[in-house]
Amino acid sequence: MTRTKPSVEILSTGRFLPPRILTNQDLEKMVDTSDTWIRDRTGIRERRIVDDGVTASDLAEASARKALDRAGISPAEIDVLLVSTATPDRWLPSTACHLQARLGANRCFAADVHAACSGFLYNLALAEGFLATGRGDTALVVATEVMSSIIDWDDRSTCVLFGDGSGAAVLRRSSGTRGLLSHHHRSDGSLSHLLHRPAGGVEHPLDSEGLDRGDHLVKMAGREVFKSAVRAMADASTEALKAAGVSVDEVDLMIPHQANIRIIEATARYAGIPMERVYVNLDRFGNMSSASIPVALDECLEEGRIGKGDLVLSAAFGAGLTWGASVMQF
Ligand code: UT7
């Protein structure tokens, strides 16, 4: 197989998790659930939750500054800043523009690109496109989620799943063998009803009755999403590996979206990757939507789970529906 030559590499990553821990035992006191059910059905033991008033750009700034410091890049050098979040600070303007001002990244192009849990991988592909075509040298890609602000804390089928956090990556044009080798991203808007927030936008403005019903909070058809997730992430992984010219046996580590341990295990099985080569942190952080993958990537780089020359496959799935996989060499 001929391997793709990368033109953009990940120079560094950073993460920020709010310090407050919400355990399964805490949730037992809030809804009709149990630690055993949550661990058996999802693999989650605890998650991080922000304190009141903490915003997506607060988390984003902390993870972005870590990534920039590690790369030795000043905010003024950023040409492209892409933010993924399902929980923007405000509807207008973008969280990316808030973050740009907070960082002092004054000469960049800044935008939010929202693809739910797939947002980080989508934005890696978009940032790569900008850099590879010469419309900038340096990109900052940030995923930041305050999922606790859009969860229905009375709905046991969703409130046990999610957590808050942020991860970031600095990208630069590359002339060597390290970098992004391929992406395979797709979406299917006809399945948007499986995972959504029904009200609060222009289509269904939030009135007081809707507010009482919690129409502005996350609704999910868990079983249907589960089935679609496994098939889509496994297929996208196969396609991305093919496009990269990499065989599944060459993958040193898979970093899947961290929604449910059973989804991760089934995806890895279908993709043909043993669990010893799959990274899991959802036991500690739950599902942080688009922030799950960059947080995991940052942990793996810090812990030495990813070394020089390693091939990493990452796959994501989320509302939209959106999904995709990316292959990268470090
Ligand atoms: O990141 C974006 C994508 N999101 C996902 O990928 C999530 C995908 N879906 C899932 O991870 C799983 O479908 C869930 C974890 C959400 C649910 O697991 P499940 O095995 O599909 O359970 P279920 O929805 O089929 O529910 C089984 C039972 C039901 O009770 P009955 O009807 O059998 O009596 C639920 O009411 O479990 C009950 N249940 C709970 N019981 C205790 C649902 N949530 C809970 C809970 N504690 N928290």
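Scroll up to find the structure this text is about.
Quantities reported herein were computed from a predicted structural model and do not represent experimental measurements.

Draft legend 1. Representation of the sheet that holds strand β11 (residues 253-256). One open sheet accounts for 4 strands, arranged β8-β13-β12-β11; its pairing is mixed. Single-partner strands in this sheet number two, and they are β8 (179-187) and β11. Each adjacent strand pair in this sheet contributes to an overall mean axis angle of 10°, direction not counted. Relative to strand β13 (residues 322-329), β8 runs antiparallel, the two sharing 8 bridges. Within β13, the position partnered with His 184 by the bridge is Ala 325.

Draft legend 2. Representation of the pairing of strand β7 (residues 165-173) in the model. With 7 of its 9 residues buried, β7 lies for the most part within the structure. Two strands pair when backbone bridges link them, and strand β1 (residues 8-16) and β7 are joined in this way by 8 bridges, in the antiparallel orientation. Considered in β7, the bridge of Glu 9 is made with Arg 172. Bridge analysis of strand β6 (residues 138-145) against β7 gives 8 bridges, and the strand direction is antiparallel. The partner of Thr 144 across the bridge, within β7, is Ser 166.

Draft legend 3. Layout of the site of the ligand. Not every one of the 23 residues close to the ligand is listed here, only the nearest: Thr 33, Arg 41, Arg 223, Asn 260 and Asn 287. Trp 37 is positioned with one of its side-chain polar atoms (N or O) 3.3 Å from an oxygen atom of the ligand. The separation between an oxygen atom of the ligand and a polar side-chain atom of Asn 287 is 2.6 Å. Across the complex, the protein chains shield 76% of the 950 Å² of accessible surface that the ligand would expose by itself. Only α2 (35-42), α6 (156-159), α8 (222-244) and α9 (261-271) provide two or more residues apiece to the shell around the ligand. The element that contributes the greatest number of residues to the shell around the ligand is α8, accounting for 4 residues.

Draft legend 4. Quick look at the packing of helix α3 (residues 56-71) against helix α4 (residues 95-103). Orientation of α3 relative to α4, taken along the N-to-C sense of each, is 55°, at an axis distance of 10 Å. Relative to α4, the element α3 is oriented oblique. As for the relative orientation of α3 and α4, their crossing is right-handed in sense. Here Ala 56, Ser 57, Asp 58, Ala 60, Glu 61, Ala 64, Arg 65 and Leu 68 of α3 come into contact with α4, specifically with Thr 95, His 98, Leu 99, Arg 102 and Leu 103. Taken together, the residues that form the contact of α3 with α4 break down as 6 nonpolar, 3 polar and 4 charged.

Draft legend 5. Geometry of the nonpolar core. Val 246, Leu 313, Phe 317 and Val 327 are the most contacted members of the largest nonpolar core, which has 49 residues in total. Of all elements in the fold, only α8, α9, β12 (311-318) and β13 reach the threshold of two or more residues within this core. If one sorts the elements of this core by residue count, α8 sits on top with 9 residues. Residue contacts for Val 246: discarding those within four places in its chain leaves Met 1, Arg 3, Leu 181, Leu 241, Val 251, Leu 311 and Val 327. The next biggest cluster of nonpolar side chains, apart from the first, holds 33 residues, and it includes Leu 124, Leu 253, Ile 255 and Ala 291.

Draft legend 6. Broad picture of the pattern of salt bridges. Applying the stated criterion across every chain, the model contains 18 salt bridges. Notably, a salt bridge pairs Asp 51 with Arg 20, separated by 3.4 Å at the nearest N-O pair. Here Asp 51 is found in the loop between β3 (46-48) and α3, whereas its partner Arg 20 is found in the loop between β1 and β2 (21-23), with 31 residues between them in sequence. Take Arg 20: its relative accessible area is 42%, and that puts it in the partly exposed class. Arg 107 is the salt-bridge partner of Asp 79, the closest N and O atoms lying 3.0 Å from each other. With a gap of 28 residues between them, Asp 79 in the loop between α3 and β4 (80-84) and Arg 107 in the loop between α4 and β5 (109-112) connect regions that are remote in the sequence.

Draft legend 7. Region of the structure containing the sheet that holds β1. With respect to topology, 5 strands assemble into an open sheet ordered β1-β7-β6-β4-β5, the strand pairing being mixed. Here the strands that pair on one side only, and so sit at the sheet edges, are β1 and β5. Strand-to-strand twist of the sheet, defined as the mean angle between neighbouring strand axes without regard to direction, takes the value 15°. As paired strands, β4 and β5 are joined by 4 bridges and run parallel to one another. Pairing of Leu 82 across the sheet is with Ala 111, part of β5. Seen against the sheet, α3 touches β1, β6 and β7 and runs at an angle of roughly 130° to β1. Together, β1, β4, β5, β6 and β7 form the strand contacts of helix α5 (residues 119-132), whose direction differs from that of β4 by roughly 165°.

The rules behind these values
- Residues numbered from 1 in each chain as written.
- Predicted model: local features only at pLDDT ≥ 70, side-chain atom pairs only at ≥ 80, totals over all residues.
- Heavy atoms only, no water.
- Pairing = 2+ DSSP bridges.
- Helix = DSSP H or I, 4+ residues; strand = E, 2+ residues; numbered from the N terminus.
- Axes fitted to C-alpha atoms, helices over the stretch in contact; angles between N-to-C directions.
- Buried < 20%, exposed > 50% of the residue type's maximum accessible area, 1.4 Å probe, protein only.
- Near = heavy atom within 4 Å.
- Polar contact = N/O pair within 3.5 Å; in protein donor to acceptor, adjacent residues only side chain to side chain.
- Areas by Shrake-Rupley, 256 points an atom, 1.4 Å probe, with all protein chains shown as cover.
- Parallel < 35°, antiparallel > 145°, perpendicular 65-115°, else oblique.
- Left-handed = near helix turned anticlockwise from the far one by under 90°.
- Contact = heavy atoms within 4.5 Å.
- Nonpolar A, V, L, I, M, F, W, Y, C, P; charged D, E, K, R; others polar.
- Core = buried A, V, L, I, M, F, W, Y, C linked by side-chain atoms within 4.5 Å.
- Salt bridge = Lys/Arg side-chain N within 4 Å of Asp/Glu carboxyl O.

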